[in-house]
Amino acid sequence: MKKRSRLLLTVLAALMLVLAACSGNGDTSKDNGKDSGGKTPEKVDTSKFPLAPENNDEAIKGGTLKVGLQSDGPFKGMFLYELYEDAYDEEILRYTSNTLFPTKEDFLLDDRGLGKLSVDEKAKKATITIKKDVKWSDGEPFTADDVIYPYLIIGNKDYTGVRYDANFQNIVGAKEYHAGKAKDISGIKKVDDHTVEISFNKISPAIYSGGDGLWGYAAPKHQLKDIAIKDLQKSDAVRKNPVTLGAFVINKIVKGESVEMVANKNYWKGQPKIDKVVISTVSSATAAEALKTGKFDVLAPNYPANDYSAIKDLKNITVLGRPELAYSYIGFKQGKWDSKKGEVVVDENAKLSDPNLRKAIAYGMDVETVSEQYYEGLRSRGNSLIPPVFSAYYDDTLEGYKYDPEKAKKILDDAGYKDKDNDGYREDKDGKPLTINLAGMAGSDKDNKIVQYYIQNWKEVGLKVELTTGRLIEFNAFYDKVKADDKDIDMYMAAWGTGTDPSPIGLYSKKASFNYARWTTPELEKQLEAIDSKEALDNDYRAKAFRKWQETMYEDAVTVPTYFRTELIPVNKRVKNWSIDYLDDYTDRLAEIELTADEPIKNQ
């Protein structure tokens, strides 16, 4: 299932992208990375960010919550958990959430929600028991069929999404169903109208966080069953009028721009206290001004960390903050995705197939200066592909790729990359010109400055790096190119939301379509299997398996972490009962949100 903090994104069971691309910086080579005026920004004490705003004012009756969706392009509008692929659609979906399981400490699934999970490790079975007398937003009863139907969507041979992966194939009978050899998934059994039993090929600790193929959302079978699976993506049931179990129901959509929702009168936890939620896109260039003038109550998915100075002194908002279940990274393209086989195919002749070249690129990035100067300490250099918030598995003794241009130069020299024509740039090992094409996501002006700074870093070690298309790319177009293995992309800057399960199999296995670097080896596959193995039910064993995998990923240098992240969520001071505490499942709190004024408060 993989829940996202706040809910970050369902990754293992197949979530998607957090949306933070690394970006640029053009003139920083002249001022040592300092931003305008040459001043070093004050480093933020991230421990002082509150998790909830204080608001003791009397609430009004009803009202409309106004949410700004910070995006420099349109949202896709894929309003079905089995099909959505990015954090913008996910941000909208959480107000209509069909999630079965909230989470508790250590991001383990809890039984406070619509479903209760019990696991028989010896029998390799899980039982999901759902609440009785729950209704969908259209008044139809919520049943076990709605728990099973998502599996039939994802496993169908005509499924057009990205979640049929190695995890999903862990369900007994999933492969046979996907191949068209069976009408149903043999490992999924409807016990009664409120109970579902699922058999797995293996049970690992991942299942307790929503992994191993467990899916954590329901789908309205009564609305979807007559729509061909291949047609779901374009159907009105997904695009315009989805039936939901969540606190709100979509009422009106302006395609790619805004969504109006109304309170779900059939919400199982009681009708929400506010009447409506309106979510509208806002560009990164105008987000701060929109908050200042009271256009929005909250900005989602979160506020750009490299623009914190623009809002930190506003009196009409409270800036909440917490460690993010995410990391930024740079990926090096190593092959293609074979959609027919559903697996990664490595190209031994990829431009960046030499690990020495990849390591030199990583050592040549001055991540430390960018973190300090452009993010004011709200980003820190990542040393691992496991965020520190997963304390049981994160290892702070890993060194990672610290900025070391001299080491980068030596690696390149020793590997045979020389500047033979004295133009300042190294040729490849065969003496041919070497130009590395980089893709990154468009955002604020600071994003462009940061990426230009990195390009300057690489120039200083003799590597010629140019932006694919000559500029940073709009979010949707960026991921379209990355997913399609565009021939003009050699490396790319992006970010992953890990969700609440740190298991990397859904992002880095041979069968994972999210494996955008298109890299796999037999050894890596064994290490991924060890992390989610029966033996890994022993926590010490699993921690050691995580460590070994992280060491191998460091040595392969195909996906290199750049930043760990602090997530910022600005909230207008008229909002009550909002929390970003990981121990508070946000979806469960939506019905309790209240407003203390008719309109968002403006900054005075």
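Keep in mind it's a predicted model, so treat the numbers as computed, not measured.

A. Quick look at helix α14 (residues 522-531). Restricting attention to buried positions, one finds in α14 the residues L524, E525, Q527, L528, A530 and I531. Taken together, the buried residues of α14 touch α13 (505-508) and α15 (539-556).

B. Fine view of the nonpolar core. One finds Y95, F142, Y151, Y492 and W578 to be the most contacted residues of the largest nonpolar core, which totals 118 residues. Top element by residues in this core is helix α3 (residues 144-155). It accounts for eight residues. Among the nonpolar cores identified, the runner-up in size contains 56 residues, and A287, Y401, I450 and L568 belong to it.

C. The arrangement of the sheet that holds strand β5 (residues 195-199) in detail. Strand order across the open sheet formed by four strands is β2-β3-β5-β4, with antiparallel pairing between neighbours. Two strands bound the open sheet, and with one partner strand each, they are β2 (115-120) and β4 (188-192). The sheet shows a mean angle of 20° between the axes of neighbouring strands, taken without regard to direction. With four bridges joining them, β4 and β5 adopt antiparallel strand pairing. In the sheet register, K189 faces β5, and the bridge partner there is E197.

D. Inspection of the environment of I253 at higher detail. Locating I253 in the fold gives a position in strand β6 (residues 248-254). C-alpha of I253 to C-alpha of A174: the two residues are 79 residues apart in sequence and 35 Å apart in space. Those residues within four positions of I253 in sequence are excluded, and the remaining contacts are F79, R239, K240, S258 and V259.

E. The side chain of T143, seen in detail. Relative to the assigned elements, T143 resides in the loop between β3 (125-130) and α3. By relative accessible area, T143 is classed as buried at 17%. With sequence-adjacent residues up to four places away left out, T143 is seen in contact with I130 and D193.

F. View of the packing of aromatic side chains. The final tally for this structure, using the stated rule, is 29 aromatic pairs. Seen from their ring centres, Y479 and Y516 are 6.2 Å apart, and the 45° between their planes marks the pair as tilted. Placement of the pair is Y479 in helix α12 (residues 475-483) and Y516 in the loop between α13 and α14, with a sequence separation of 37 residues. The structure contains a cluster of three or more aromatic residues connected by ring pairs, namely Y88, Y327, Y329, F475, F478, Y479, Y492, W496, F514 and Y516. Looking at R163, its charged tip hangs above the ring of Y84, at a distance of 4.7 Å from the centre. Seen from the ring of Y425, K464 lies directly overhead, with NZ or CZ sitting 5.8 Å from the centre.

G. Representation of the packing of α14 against α15. Here α14 crosses α15 at 155°, and the two axes come no closer than 8 Å. By the criterion of interaxial angle, the relationship of α14 to α15 is roughly antiparallel. When you trace α14 past α15, the crossing you get is left-handed. Here E523, L524, Q527, L528, A530 and I531 of α14 lie close against α15, whose contacting residues are Y541, R542, A545, F546, K548, W549, T552, M553 and D556. Of the residues belonging to the contact of α14 with α15, the class tally is nine nonpolar, two polar and four charged.

H. Structural context of the packing of helix α8 (residues 355-363) against α15. Viewed as axis vectors pointing N to C, α8 and α15 meet at an angle of 95°, and their least axial separation amounts to 8 Å. Taken as axis vectors, α8 and α15 run roughly perpendicular relative to one another. Facing α8, whose interface residues are P355, R358, K359 and Y363, α15 presents Y554, E555 and D556. Here the residues of the contact of α8 with α15 are counted per class, giving three nonpolar, no polar and four charged.

Conventions and cut-offs
- Residues numbered from 1 in each chain as written.
- Predicted model: local features only at pLDDT ≥ 70, side-chain atom pairs only at ≥ 80, totals over all residues.
- Heavy atoms only, no water.
- Buried < 20%, exposed > 50% of the residue type's maximum accessible area, 1.4 Å probe, protein only.
- Helix = DSSP H or I, 4+ residues; strand = E, 2+ residues; numbered from the N terminus.
- Contact = heavy atoms within 4.5 Å.
- Core = buried A, V, L, I, M, F, W, Y, C linked by side-chain atoms within 4.5 Å.
- Pairing = 2+ DSSP bridges.
- Axes fitted to C-alpha atoms, helices over the stretch in contact; angles between N-to-C directions.
- Phe/Tyr/Trp six-rings, centres within 6.5 Å; stacked < 30°, edge-to-face > 60°.
- Lys NZ or Arg CZ within 6 Å of the ring centre and 35° of its normal.
- Parallel < 35°, antiparallel > 145°, perpendicular 65-115°, else oblique.
- Left-handed = near helix turned anticlockwise from the far one by under 90°.
- Nonpolar A, V, L, I, M, F, W, Y, C, P; charged D, E, K, R; others polar.

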